[in-house]
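# Structural overview for review
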Protein chains: 4
Amino acid sequence: MQPVCLVIGAGAGIGGNVGKRFAREGYHAVLCRRSDEEGLKRLVEAIRSEGGAATGKLLNAVEDGSIENLVEQVETDIGPIEVVAYNLGAQIGDRALEATTPKMFEMGWRLATFGLYRVASKVCPRMEQRGKGTLIVTSATAAMRGNKGQHSHAAAMGGRRMLCQTLNAQYAPKGIHVIHVLIDGAVDAPDTLGKMLGPERFQELRETRGAADGLMQPEKIADTYWHLAQQHRSAWTHEIDLRSFSDLPWWNH
Amino acid sequence: MQPVCLVIGAGAGIGGNVGKRFAREGYHAVLCRRSDEEGLKRLVEAIRSEGGAATGKLLNAVEDGSIENLVEQVETDIGPIEVVAYNLGAQIGDRALEATTPKMFEMGWRLATFGLYRVASKVCPRMEQRGKGTLIVTSATAAMRGNKGQHSHAAAMGGRRMLCQTLNAQYAPKGIHVIHVLIDGAVDAPDTLGKMLGPERFQELRETRGAADGLMQPEKIADTYWHLAQQHRSAWTHEIDLRSFSDLPWWNH
Amino acid sequence: MQPVCLVIGAGAGIGGNVGKRFAREGYHAVLCRRSDEEGLKRLVEAIRSEGGAATGKLLNAVEDGSIENLVEQVETDIGPIEVVAYNLGAQIGDRALEATTPKMFEMGWRLATFGLYRVASKVCPRMEQRGKGTLIVTSATAAMRGNKGQHSHAAAMGGRRMLCQTLNAQYAPKGIHVIHVLIDGAVDAPDTLGKMLGPERFQELRETRGAADGLMQPEKIADTYWHLAQQHRSAWTHEIDLRSFSDLPWWNH
Amino acid sequence: MQPVCLVIGAGAGIGGNVGKRFAREGYHAVLCRRSDEEGLKRLVEAIRSEGGAATGKLLNAVEDGSIENLVEQVETDIGPIEVVAYNLGAQIGDRALEATTPKMFEMGWRLATFGLYRVASKVCPRMEQRGKGTLIVTSATAAMRGNKGQHSHAAAMGGRRMLCQTLNAQYAPKGIHVIHVLIDGAVDAPDTLGKMLGPERFQELRETRGAADGLMQPEKIADTYWHLAQQHRSAWTHEIDLRSFSDLPWWNH
């Protein structure tokens, strides 16, 4: 049975490219996203056309039992999950407190924090039994500092980062590598940035900033995810940041 | 009408002592806690016997509408809330991931993160209209790093810290002072530490470490809360840590 | 003998106001600065005219033996140093790497880092023998993040912050309170900000931003220094930040 | 002309292995260390015997002009410096403040902070003209927190980290990649750890902890250095940490 790389949050950005990269290296990529069945099929076929193994699954990550069932199914039907890329975003744009409803605030947590707890709860014990596994968590600038309008997002990502640390504290000595990857810039991703900006502004941004490598290219980010998953256990990274060369890191003005 | 200092999480530790201190300085202390009506009465009477104004309220902070109604009532019946001390803890002791149920994980978030969002959502717009207000948030070491066994607590407190930053980002320019107070040590508090340890071990700890000022004295912590609430708006603290002189800060070994 | 509050870096900003405040509370303020004997005299006389005790000393802090002799003299001639406010700045304005000479780079370190090591080396052992003492260190945003043009300043302040931590690690258990105070904004200080901007721009800034409390008022900062020096040893702060309500904290954009 | 990878601090640990790895990938490795000419020769010959290009140089990095001359010579005689691995340590073991002489304190800064400023001052302008370059800086836990006994080391490494940030702020937009690599554990390196422990304790540690991958293997660290130097400029890392799977990160207890 091929080892599985399970990507939760697999659109045309980081998630999809991580799936492609790991498939190219011999993993069966299991790609999950909430909607856009067409886009998911295209992604799976793109991998298969290169000779890779891939399966697509629609997943409503906030639904009770959804993640739990997914893990069971994949382990039973496809193969042992060796790598999880937890890649669900929770950005809802800048919203003042009075425009952030309890539902929005909770949704951020369900996607960014609770979902990670749920997948870890199902996957880590299996990885522990096998003595190895990798859990790569895509995170955001909002995990490090709370900007104006980011009430839901920052609270959710701050929780995500601390959870990565507690997971690492319990599981690293068991051979499970947990990595918090701080994506500290805008990614050239039609499914997230593209939807936030709308097609015209997104196209314009790609032609200007993107052409000059000022947008993060998701296939280049996937190179670093692959490296992290390959690190020898005597020299593991737990926290790493990534941004374009022309972007200011979160700590600078 | 006397200005109100609303303490959410008012036991015999930090919360109760903050209430006493602010009452002594002329505030009406509104003290809320989930249970132990007897203890709450004793606290209210202790303040009144000193000539201070105090009201006690049982509050189930995780119940829908509870915090929202509380804020309405207090503003209508008692006076304008000038200071909130948000002091709900969410420590459940060290628990491995497999011993941390979804319910526990969620409860941490409801108490530590979501409750703060809820109280801020109700109180900050009123403070903004009045052009001033103070929101002092008791936080924990787990907001800074995730130790083994702290999955629920650290994720919740990491969210709390980021939320303090986003609240500050929106409201500081409106004259509302939001402060994240990192309590980085054990507090001499019968209602929290006392219950975790049990009466005998708690008594022993008080007689040894406590006698040597190795347990944080809550009335001394309250001195710093009072100072923070008095800071001139040209020199506001947003983040501060506190621990006993004999304790290692969270970053040291 | 009156206890001494030794202020290293005592101009008309934070240092001078800390001296005034501690003198008002019964300390003998020993005020040191490199130059401007006239300004120093005025400061001493202002304190004396209020009935306080003060001594002024010109001090070239980067000169071999200068700080060491100062400590000896003060202890012998004036009284035991109970509080040190180490307040030497090392900001030289924004300079690209090629405009930062080795001398400038070294000077930053001598003022910000090495000077603190030197004063601590002389003062801490005496405080340790007496079982108490306070070392309040004024620090800057550059201790937390390195912005463009801040090569000398940030390297120096980053060193200062870590040194505060190692001093605290060794001396807190001996009853010596070391505090790193992050001044995260512009202070209304003619001797530093005033000189950087020139008299006209400084006056303009005072009339606009300063009038709206957007410049940090040094006498208000001194209130927090006083509070910190009064904290009970069961609840000591090691790190605290301060800025105007209308300023963004260093972590926000 | 082959591009050069200049390693400052090239013993049998990280530095030597970085040299080997980059030589294997087509760089001319220029290996510098203060002493042990024999060890240096062996390292150069090991690289040459694999078909790689290498040059060894004894370098007293704290001597006036030494680093500056080295850069000139290498650029003139060997080739353009594309990568610098700045790998000088400054650990002197745990020493109380009273056992830390001014000379020791200064030496830490000269090695860890000032040396980096000096090499950057010579190399970055050349890289800027060429529109590219990589500066990988080996750093230590002491850059993040100041433990007891680490006065010299922590102040020096805290300065190093902030300097990396200011260098990045100025040079990243020019195509120069500056990376702060936090080595957060013990490296299996005879020239540093070996000397600190003595041959017997070092051998014992290797046989126990090392055999279980509890010592960081320098050739595995070099894999990550290589990856970092290969990152596409749209997705650059500025800060990364590394430690053995069985070691606690610096933030955990």
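For the structure itself, consult the block above.
A few points on the structure. Since the structure is predicted, the reported quantities are computational estimates derived from the model, not experimental observations. (Residues numbered from 1 in each chain as written. Chains lettered and ligands numbered in written order. Predicted model: local features only at pLDDT ≥ 70, side-chain atom pairs only at ≥ 80, totals over all residues. Heavy atoms only, no water.)

### Describing the overall build of chain A
The line we're drawing: Going along the chain from the N terminus, every DSSP run of H or I of four or more residues is numbered as a helix, and every run of E of two or more is numbered as a strand. Our radius of gyration is a C-alpha quantity, and the globule rule it is checked against amounts to 2.2 Å times the number of residues to the power 0.38. For every residue, the accessible area (1.4 Å probe, protein chains only) is compared with the maximum for its type, and the residue is labelled buried under 20%, exposed over 50%, or partly exposed between those bounds. Working rule for contacts: check all heavy atoms of both residues, and any pair within 4.5 Å makes them a contact. Note on areas: these come from Shrake-Rupley sampling with a 1.4 Å probe, and a residue is covered only by the protein chains present in the view. Positive residues here are Lys and Arg, negative ones are Asp and Glu, while His and the chain termini are left out of the count. Positions of charges follow a simple convention, taking NZ of Lys, CZ of Arg, CG of Asp or CD of Glu.
Regarding its fold elements, chain A presents eight helices and seven strands. On C-alpha atoms alone, chain A measures out to a radius of gyration of 17 Å, which is about the 18 Å that the 2.2 N^0.38 rule sets for 253 residues. Looking at chain A as a whole, 64% of its 253 residues are labelled buried. If you take every contact in chain A between residues at least 6 apart in sequence, the share linking residues at least 24 apart comes to 74%. Carbon together with sulfur atoms contributes 48% to the accessible area of chain A, which is approximately 9,200 Å² in total. Distance between charge centres in chain A, computed from 29 positive and 29 negative side chains, equals 3 Å.

### Remarks on helix α3 (residues 66–78) of chain D
All names here are of chain D. Keep this limit in mind: Helices are assigned an expected span. That span is 1.5 Å times one less than the residue count. By arc we mean the arc of the directions from the helix axis to the C-beta atoms, nothing more.
The terminal C-alpha atoms of α3, which comprises 13 residues, lie 17 Å apart, in line with the 18 Å expected from a rise of 1.5 Å per residue. What α3 keeps buried is the set S66, I67, L70, V71, V74, E75 and I78. Mapping the buried residues of α3 onto a view down its axis gives an arc of 160°, with all of them on the same face. Across α3 from its buried face, at more than 90 degrees, point the exposed residues T76 and D77.

### Some points on the interface of chain D and chain B
So the rule is basically this: Reported buried area values correspond to the accessible surface (1.4 Å probe) lost by two parts on association, with both partners' losses combined. By salt bridge we mean one thing: a side-chain nitrogen of Lys or Arg within 4 Å of a carboxyl oxygen of Asp or Glu. Here a polar contact means two N or O atoms within 3.5 Å. Within protein one must be a hydrogen donor candidate and the other an acceptor candidate, and residues neighboring in sequence count only if both atoms are side-chain atoms.
Counting from both sides, the interface comprises eight residues of chain D and, opposite them, eight residues of chain B. Between chain D and chain B lies a buried interface of about 790 Å² when both sides are counted; carbon and sulfur atoms form 42% of it. Counting the surface chain D buries against chain B, the share from its top three residues, W251, N252 and H253 of chain D, is 56%. Where chain D packs against chain B, one counts zero salt bridges. Inspection of the chain D/chain B interface yields ten residue pairs in polar contact (both at pLDDT 80 or more).

### Topic: the relation of the copies chain D and chain B
Heads up, the condition is: Superposing copies: least-squares fit, C-alpha atoms only, residues required to have pLDDT of at least 70 in both.
Under the fitted operation, chain D is carried onto chain B by 0.0 Å of movement along the axis and a turn of 180°, and the coordinates agree to an RMSD of 0.0 Å. On this basis, the relationship between the two copies can be described by a two-fold rotation axis. Residue W251 of chain D of chain D places its C-alpha closer to the rotation axis than any other residue of that unit, at 2.8 Å. Of all interface residues in chain D, 100% are interface residues in chain B too; the two copies therefore contact each other through one and the same surface.

### Structural notes on helix α8 (residues 218–230) of chain D
Over its 13 residues, α8 of chain D runs 18 Å from end to end, which matches the ideal 18 Å to within 8%, given 1.5 Å per residue. Elements that come into contact with the buried residues of α8 of chain D comprise α8 (218–230) of chain A together with α1 (14–24), β5 (133–140), β6 (176–183) and β7 (239–242) of chain D.

### Some words on the relation of the copies chain B and chain A
When chain B is fitted onto chain A, the two copies agree to an RMSD of 0.0 Å after a turn of 180° and an axial shift of 0.0 Å. The share of interface residues of chain B whose copies in chain A are also at the interface is 100%, consistent with both copies meeting through the same surface.

### Re the pattern of salt bridges
Residues and elements named next belong to chain C. A complete count under the given rule lists 80 salt bridges over all chains for this structure. Ionic pairing is found between D184 and R243, a salt bridge with its closest N-O pair at 2.7 Å. Taken together, the residues D184 in the loop between β6 (176–183) and α6 (190–197) and R243 in the segment after β7 (239–242) connect sequence positions 59 residues apart. For D184, a relative accessible area of 5% gives the class buried.

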